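Structural overview for review
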Amino acid sequence: MQESEEHQQQLRKFSSKIAKVLDEARISQATHIRKLKELADFRSSRPPIEFIGAFSRAITPLFNFHRRTASADRIIKFVAVFACSRNAKDAASCDEFLENFLRFLILASGAANKTVRFRACQIISEIIVRLPDDAEVSNELWDEVIECVKLRVADKVSAVRTFAFRALSRFANDSENRDILDLFLEKLPLEQNADVRKTLVLSLPPSNDTLTMIIDCTLDVNETVRKAAYCVLGSKFPLQSLSIKLRTVILQRGLSDRSPAVAKECLKLMRDEWLEKGCNGDPVELLRYLDVETYESIGESVMVVLLNEELIKLQDGQTICKFLASEDEGAEGQRQYSIDLMDPEVALFWKMVCKHLQKKAQTKGSDAAMTTGTESAVYASEASDYNDLLDKILPTSISEYVQLVKAHIAAGSNYRFASRQLLLLGAMLDFSDSSNRKVASDFIQYLLHRPLDVELDDSGNDVFIGDGLNLGGERDWAAAVAKLTKKVHAALGEFENVVLSVIEELARPCRERTADCKQWLHCLAVTALLLENTSSFHFMQRGAITADEILHSLLLPGAKNAHLDVQRAAIRCLGLFGFLERKLTTDLIMQLRSSFVNGPCTITTMASKALLDLGIWHGVDAINTAMNCDLSSQLHHHETPTIPVKFYDGNDDAGNGLLDLLYAGIQKHNWGASLDDEEEVSIQGILGEGLAKILLLSEKFPGTSASTHHLLLVKLINLYFGSESGLLLRLKQCLCVFFEHYPALSANHKKCLSKAFVPVMRSLWPGINGNAAGSTVMVSNMRKRAIQASRFMLQMMQVPLYAKETATQCDNNNGNQDGETSPALELESGEEGLAIRIAVEVANFNPKKTAAEKSYISALCRILILLNFRTMEQDAIKLMRRLLNRTIPSMAVEKDIYKELRQMAECLRDIDRNPDEKLSHEQAHLILGKLELELEVNLNENESTDMPPTPAPQSTRRVRPRRRARDADESSSDDELSPTCVVSTDLAATSTRSQRASKTIALSRMTANLTTTIDEDCDLDTENSDETAGSEVTSEDDLP
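Computed from a prediction, not measured in an experiment: that's the story for all the values here. Each chain carries its own residue numbering, running from 1 in the direction its sequence is written. Per-residue local features are limited, in this predicted model, to residues with pLDDT of at least 70; the limit for side-chain atom pairs, both in listing and counting, is 80 or more; totals at the level of whole chains, interfaces and linings are taken over all residues. Excluded from the side-chain calculation are hydrogens and water; included are all heavy atoms of the structure.

**Focus: the overall build of the protein chain**
Let me state the cut-off plainly: Secondary structure follows DSSP: runs of H or I at least 4 residues long count as helices, runs of E at least 2 residues long count as strands, and numbering of each begins at the N terminus. Pairs of residues are marked as contacts when any of their non-hydrogen atoms sit within 4.5 Å.
Scanning the protein chain from terminus to terminus reveals 46 helices and four strands. The contacts of the protein chain with a sequence gap of at least 6 include a subset with a gap of at least 24, amounting to 73%.

**Remarks on the pattern of salt bridges**
Which entries qualify depends on this criterion: Here a salt bridge means any side-chain nitrogen of Lys or Arg lying within 4 Å of a carboxyl oxygen belonging to Asp or Glu. Partly exposed residues are those whose accessible area sits between 20% and 50% of the maximum for their type, while under 20% is buried and over 50% is exposed, using a 1.4 Å probe and protein chains only.
Overall, the coordinates contain 41 salt bridges when judged by the stated rule. A salt bridge links Glu24 to Lys35; its shortest N-O distance comes to 2.0 Å. One end of the pair, Glu24, is in helix H1 (residues 2–27); the other, Lys35, is in helix H2 (residues 32–45), with eleven residues separating them in the sequence. Glu300 is paired through a salt bridge with Lys351; the nearest N and O atoms lie 2.6 Å apart. Pair noted here: Glu300 is in helix H16 (residues 296–308) and Lys351 is in helix H17 (residues 344–370), with a separation of 51 residues, a long-range link. Since its relative accessible area comes to 24%, Glu300 is described here as partly exposed. A relative accessible area of 6% places Lys351 in the buried class. A network of salt bridges, in which partner residues are shared, links Glu296, Glu300, Lys351, Arg416, Arg420, Arg450, Asp453 and Glu474.

**A word on the state of the cysteines**
Cut-off, in case you're wondering: Counting rule for disulfides: a pair of cysteine sulfur atoms within 2.5 Å.
Under the criterion given, the structure shown has zero disulfides. We note that Cys121 lacks a disulfide partner, and the nearest cysteine sulfur, in Cys148, lies 6.2 Å from it. Taking relative accessible area as the criterion, Cys121 reaches 4% and is therefore assigned buried.

**Things to note about helix H18 (residues 373–393)**
Here is the rule: Helix span, as expected, comes to 1.5 Å for every residue beyond the first.
For H18, spanning 21 residues, the distance from its first C-alpha to its last is 31 Å, which sits close to the expected 30 Å at 1.5 Å a residue. Lining the buried residues of H18 we find H17.

**Regarding the packing of helix H3 (residues 48–63) against helix H4 (residues 70–84)**
Helix-helix packing is described using two parameters, namely the angle between the two axes and the distance between the axes. Stated precisely, the cut-off is as follows: Every axis in this analysis is a line fitted to C-alpha atoms, fitted for helices over the stretch in contact. Angles between the N-to-C directions lie between 0 and 180 degrees. Orientation labels follow simple angle bins: below 35 degrees gives roughly parallel, above 145 gives roughly antiparallel, 65 to 115 gives roughly perpendicular, and whatever is left gives oblique. Handedness of a crossing is defined here by the sense of rotation of the near helix relative to the far one, left-handed for an anticlockwise turn of less than a right angle and right-handed for a clockwise turn.
Running from N to C, H3 and H4 point in directions that differ by 160 degrees, and their axes come no closer than 11 Å. The angle between the axes of H3 and H4 places the two elements in the roughly antiparallel class. Taken as a pair, H3 and H4 cross one another with a handedness that is left-handed. Where H3 abuts H4, its residues Phe51, Phe55, Ile59 and Leu62 lie against Ala72, Ile75, Ile76, Val79 and Phe82.

**Remarks on a negative patch on the surface**
Keep this limit in mind: Patch criteria: residues need more than 30% relative accessible area and no salt bridge. Like-charged residues are merged within 9 Å; nonpolar side chains of Val, Leu, Ile, Met, Phe, Trp and Tyr are merged within 5 Å. In these tables, accessible area is a Shrake-Rupley quantity obtained with a 1.4 Å probe, and a residue counts as shielded only by the protein chains included in the view. Charge assignment in this entry is limited to Lys and Arg as positive and Asp and Glu as negative, and neither His nor the chain termini are counted. A single reference atom marks each charge: NZ on Lys, CZ on Arg, CG on Asp, CD on Glu.
On the surface, Glu455, Asp457, Asp458, Asp462 and Asp516 cluster together into a patch of negative charge. In this fold, Asp458 is placed in the loop between strand S3 (454–456) and strand S4 (462–464).

**Regarding the environment of Val129**
Its place among the elements puts Val129 in helix H6 (residues 114–130). What makes Val129 partly exposed here is its relative accessible area of 41%. Ignoring anything within four residues of it in the chain, the contact list for Val129 reads Arg166 and Arg170.

**So, a positive patch on the surface**
Taken together, the side chains of Lys198, Lys227, Lys264 and Lys268 make up a positively charged region of the molecular surface. The topology assignment puts Lys227 in helix H12 (residues 223–236). Relative accessible area serves as the criterion here: at 37%, Lys227 is assigned to the partly exposed category.

**Section: the packing of aromatic side chains**
We count it as follows: Between 30 and 60 degrees the pair is tilted, below 30 it is stacked and above 60 it is edge-to-face, where a pair is any two Phe, Tyr or Trp rings, Trp via its six-membered ring, whose centres lie within 6.5 Å. Note on geometry: a ring has a charge over it if NZ (lysine) or CZ (arginine) is within 6 Å of the ring centre and within 35 degrees of the ring normal.
Applying the stated criterion to the full structure yields 28 aromatic pairs. With a centroid separation of 5.2 Å and 55 degrees between ring planes, the pair formed by Phe738 and Phe739 is classed as tilted. When its relative accessible area of 2% is taken as the criterion, Phe739 is described as buried. Here the aromatic residues Phe14, Phe42, Phe51, Phe55, Phe63, Phe82, Phe97, Phe101 and Phe104 are joined through ring pairs into a cluster of three or more. Lys406 extends its terminal NZ or CZ atom over the ring of Tyr446, reaching a point 4.9 Å from the ring centre.

**A closer look at the confidence of the model for the protein chain**
For the record, the criterion: pLDDT is a residue-level measure of predictor confidence that goes from 0 to 100.
Counting all residues, the mean pLDDT for the protein chain is 81, and 81% of those residues have values of 70 or more. Counting interchain partners and residues more than four positions distant, the pLDDT-below-50 stretch residues 636–654 has 38 contacts.

**Topic: helix H24 (residues 517–533)**
End to end, H24 covers 24 Å across 17 residues, agreeing with the expected 24 Å (1.5 Å per residue, within 8%). Of all the 17 residues making up H24, 13 are buried; the element is thus mostly covered by neighbouring parts of the structure.

**Observations regarding the side chain of Ser441**
Checked against the element boundaries, Ser441 lands in helix H21 (residues 434–449). Ser441 gets classed as buried once you look at its relative accessible area, which sits at 17%. With near-sequence residues (within four places) excluded, Ser441 lies in contact with Val488 and His489.

**Section: the environment of Thr585**
Within the element layout of this structure, Thr585 appears in the loop between helix H26 (564–580) and helix H27 (586–598). Counting along the chain gives 41 residues from Thr585 to Ala626, while the straight-line C-alpha distance between them is 6.3 Å. Each residue touching Thr585, except ones within four places of it in the same chain, is listed here: Leu551 and Ala626.

**Some thoughts on unusual backbone geometry**
A positive phi is found at Asp291, a non-glycine position, where the angle reads about 50 degrees. Mapped onto the secondary structure, Asp291 falls in the loop between helix H15 (283–288) and H16. Not every positive phi belongs to a glycine, and Glu932 is a case in point at roughly 60 degrees. Topologically, Glu932 is positioned in the loop between helix H41 (921–930) and helix H42 (968–977).

**Here's the deal with the environment of Asn87**
By the element assignment, Asn87 lies in the loop between H4 and helix H5 (91–109). In this structure Asn87 comes out as partly exposed when scored by relative accessible area, which is 38%.

**Some thoughts on the packing of H27 against helix H30 (residues 658–667)**
Basically, it comes down to this: Throughout, the ten residues Ala, Val, Leu, Ile, Met, Phe, Trp, Tyr, Cys and Pro are labelled nonpolar, Asp, Glu, Lys and Arg are labelled charged, and all others, Gly among them, are labelled polar.
It is at 11 Å that the axes of H27 and H30 come closest, and there the two elements cross at 20 degrees. Taken together, the axes of H27 and H30 are roughly parallel relative to one another. Handedness of the crossing formed by H27 with H30: left-handed. Between H27 and H30, the contacting residues are Arg593, Phe596 and Val597 on the first element and Leu661, Leu662 and Gly665 on the second. Split by residue class, the contact of H27 with H30 holds four nonpolar, one polar and one charged.

Okay, here's the thing in structure tokens:
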């Protein structure tokens, strides 16, 4: 016994020595090498069992220290290094200690204390990361360690999960441990903690499976995770291993990231890994890896960053002039050059370099003008250096520049991109000299008169290259030509006169009706270039052809051309023409309207864009005036949501306004036999986005059309929540932004939303208002969408107004007398108006309801109980109390809603300042008139506003429809006491019935049911299911 105590004392002393070593290692990392040797001597001096016991006791206090400090991390590192160290002279004891220590950590990782689990996983991860490959550890022990750590990746403590994933990272590269990689890929999208996601990203090995996941992490909400993703992409994925699409995605997201740290990490990836290692410092080679013809904006962003970081060094003799290889004298004395054609990457490179030099020269020149003395001289010298370098790079004369561009244009479509980049270089040249301007003017005429490029198909027909709308077949080419033309002809009105002279020449065969499709499209493309780049018809007054002639002799005939491509181009020009008009021309609008109604899909699409743009620019009423139609919208006459309305039948009727026309277009699903699904989606998407813009800007267009906006809102909500919305992804994204801002912009928008609530619910609910029902699964899905839409509209109603609108409301109402902090919205715009609309909708239903109507009313009441009333709306409170008396009995079967409605009625009674005062018939109808509602059941001025008593419970016995022989007195008694009489024309007479009477009724019914013979139960099974169903609120015994 005494020997055992002495042995324990020695072990405690030995453990104290180890603890002292650990304490010294905690202070400074400089002592770790010496202390490792000292601790190794302790290990060799004792048996392995005794040492591991003493070592475990010495390190135990660390497991109770939860703070992450530098001293604690030094001890962890020291312990891990010691556990991984292996002495060749005493290898067996080292391996045995490692195994025993790992088993100790495995046991600790499953402890109930979170600090113990955290320290155990931290030490395990350090050991696994530092353990050499030749360490002798049994496979069984490794399996135990892996399984133990796998359990910790689901730990509720984020720090434990972090070190668990770090510990498994070493095994994720092993093909035999595919389950670990699958675990990483499974947990990363579900992980909520940013530190754990960062560790996971850093732990992922390079593979095709992990690449997509890592690139997705570049959009993470936490900047440390995004930074880690770019770090992994740079260190583990070479440039050549990535596709062009992935390269551009990485650079587009990284260089434009809102966090400077993330953008810097992406720059480091592009500079160190891609530019230096992958491209040997050649920026043109890097642009080749990015396919700048397809991803031009990405290439420009890369060049801007490289130039700003001064990572591009121009060598001597590196200019554009080197592409002008040799020269000789031409027939007219002009120099002719042998042109070396540029690759697309080279052309983009020189454009960006010249643009950068010009910008730097202008900046330095401005700085020199703003300062004085030596500082001004320094800035002026720097500006001069930049200008000199720019002059060396650019062609020495305008003639050389023109020949260079013409050579690339003549080379065909393969050099179209390079040609456009060279055109943009023209904006940096000097055209002040008259001779240079003459050469450039001839070149402009060449560009404007150059016809559209065509190619022959297999049948020998001409096929236009490009979109068929813009000059050169693409918008960017037309913009480059317009920019160069404005640079050469910079005088006021000179640009318009030059282009008008070309239009007049090209329009001659069109006006004479001798032009073919190619000539029509060329003339319309030049016309569109003029209309897009001029600001007013004032500059076109002295041109070769007037604006009125363009409209009536070119655009309107083009819109009626037999060729669809010509019609499409002409309608686009009509839309651009309408932008420049101060007062819209009737002929223009009527032609757009006719094309929208009668044209095929492509024409309808273009006409809808034009009508929507003009409606937003000039206002809806201006379009209606130009149509010569009645300004009272047809939609206004069909506001009643209970009647299915045929707003527009597709006939060319001038009585329909713009909103009627667009609403009919979005309702129409059959645009013709040639219409495919994508085109229909395109039309609905365009019209949906346009109507959303009109509603969003409705405050800027006050007029008669505002009364129909709620019907447009109904359609947009239906499109957003409709079953076909999965095909309208772009429209759904647009509407998501629209719904976020629409209710917060104006109180009138809330009023419109309140009016749209019930029509939306009626249009979405199956079995209501003529809606098709279908199978049980279909009905369930339709109800879920309708409930989701109702909650979504409720959230929009409860969104506060923006600060500017709130201040306006507060100023108009001069504060709230009740001390409420919210702005005093009108009844129609507040939650009170929506509550009254829902209550009236519920009260208007017949007491005998179908199953669809019952579920519909239940859904409405679930929204009703979530609405709030302000104490300032006393009349609305009194009216709502009376309406609740008609609403509550219909929910008697659904106990939860019934209870909530009664609580709502009690709350309204509490905030009613004069609960005993009756609301007059005139006041009630005044409120209903404001809300444009009609209550089918007349309100009695003398009816009570007290809550009705709890109705008698429904009998649980099956209904017997064939039972008709009953005593007259009993039938009369049951009729009087039936729950259907709770809401009657004289509520005062029935409100005095007590709960005791209800219990008496229930007992009498149960007694009557018990006396029924078994034969009647047998007869019941043969009846029709519809007849046996009866009412969910009253039994068949209560029916007359």
